[in-house]
Amino acid sequence: MNRICNLFGIRYPIIQGGMVWCSGWKLAAAVSNAGGLGLLGAGSMHPETLIEHIHKIKSATNKPWGVNVPLMYPEIDRLIDILIAEKVGIVFTSAGSPKKYTAKFHEAGIKVAHVVSSSKFALKCEEAGVDAIVAEGFEAGGHNGREETTTMTLIPQVRQTTSLPLIAAGGIGSGQAFAAATALGADGVQIGTMFALSEESSASEAFKKRCINLDEGDTMLCLKKIAPTRLVKNHLYNRVAEAEERGAHAEELKEILGKAASKRGIFEGDTENGELEIGQVASAIKEIKPVSEIINTLIDEYEMTISKLKSLSF
Ligand SMILES: Cc1cc2nc3c(=O)[nH]c(=O)nc-3n(C[C@H](O)[C@H](O)[C@H](O)COP(=O)(O)O)c2cc1C
């Protein structure tokens, strides 16, 4: 039996990562209804908006779902009160230390997974008592590890560091990659980019269209002085890259980004002046598909890969 499926009560060990401006109730419910685990992305929601999405997802699925909470959320204590009051069963925390909040979530009967980008932080997760670890490699969309450790390198090392249920993230865009992550020691996968570019994602059509037309090398990790983020090379990125090249400080970089840069890019569809967060694997995605088709294809490809590998002999 698969440990991630057991832990969260789901059919397939496929998690839809929380994603600012993409993962509202529609996307999360679609993933949960298709047998994975959908996560609401609290990072781009005011507390009242989150409550609304929680109510909507409750009536859109009777399958397990969860909420992603980036721990630098400005109103974190209010948010935690909401999660407890609404009896949310599963929380995926990220961007911060799991030490402070894990015990509080557990007291409320909430299962906790935490996202890391190194073995060192995986160990801290174990000390904090989390139920599962998401190890995310450098290929991933969104905020990223400073050290640029790839999924291929990271997963086996985290696997050696901890025996906790392990979810691989970063660069998973096919059942073949899902099988590879399992071979490296993961119990399941967290996928962002593929679901950000699905029909049910709340990202703007302009963002999705731009991302499915990317080539290899069209995204870059930048903004290490603020928070390392993988961005599509557009006009805003060029301004950031030029400033970074001449050693600009964090303050100037923040000024270049301006307010709500990811909302402008992802949600409002300003594909030149907004921040377009997406993973490297976007260059392999050429169509916007419904979530159910994405998950069915992942499972078919996974099973085909496993039986193909079994028949290989040396
Ligand atoms: C548009 C976008 C927004 C994201 N926002 C968040 C977020 O708010 N919180 C978080 O923990 N991870 C965030 N991520 C990371 C995803 O949850 C996931 O771990 C990552 O996308 C996996 O790698 P992949 O993009 O290669 O599939 C985001 C990713 C993308 C593409």
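First things first, this report covers the structure right here in the doc. Since the model is a prediction, treat every value here as computed from it, not as a measurement.

Let us look at the sheet that holds strand 11 (residues 229-232). As summarised here, the arrangement of the 3 strands in space is 7-11-10, forming an open sheet in which the pairing is antiparallel. Looking along the sheet, the strands with just one partner apiece sit at the ends: strand 7 (142-143) and strand 10 (219-222). Two elements, strand 10 and strand 11, share 4 bridges in a ladder whose sense is antiparallel. Counted as the bridge partner of T219 is V232 from strand 11. Against the sheet, helix 11 (residues 235-245) touches strand 10 and strand 11, its axis set at about 45° to strand 10.

What follows covers the packing of helix 6 (residues 119-128) against helix 7 (residues 151-161). Axes are the key here: two packed helices are described by the angle between their axes and the distance separating the axes. Two elements in contact, helix 6 and helix 7, have axes whose closest approach is 9 Å; the angle formed by their N-to-C orientations is 35°. Handedness of the crossing formed by helix 6 with helix 7: right-handed. Here helix 6 contributes S119, A122 and L123 to the contact with helix 7, which in turn contributes Q157, V158 and T161. Residues belonging to the contact of helix 6 with helix 7 are distributed by class as follows: 3 nonpolar, 3 polar and no charged.

The next subject is the site of the ligand. G17, G141, G142, G192 and G279 are the nearest of the 30 residues found near the ligand. Counting residues per element, the ones that place at least two in the shell around the ligand are strand 3 (65-70), strand 9 (188-191) and helix 9 (193-196). Tallied by class, residues from the shell around the ligand come to 13 nonpolar, 14 polar and 3 charged.

Here is what the cut-offs are and how they apply
Residues numbered from 1 in each chain as written. Predicted model: local features only at pLDDT ≥ 70, side-chain atom pairs only at ≥ 80, totals over all residues. Pairing = 2+ DSSP bridges. Helix = DSSP H or I, 4+ residues; strand = E, 2+ residues; numbered from the N terminus. Contact = placed C-beta atoms within 7 Å. Axes fitted to C-alpha atoms, helices over the stretch in contact; angles between N-to-C directions. Left-handed = near helix turned anticlockwise from the far one by under 90°. Nonpolar A, V, L, I, M, F, W, Y, C, P; charged D, E, K, R; others polar. Near = placed C-beta within 6 Å.

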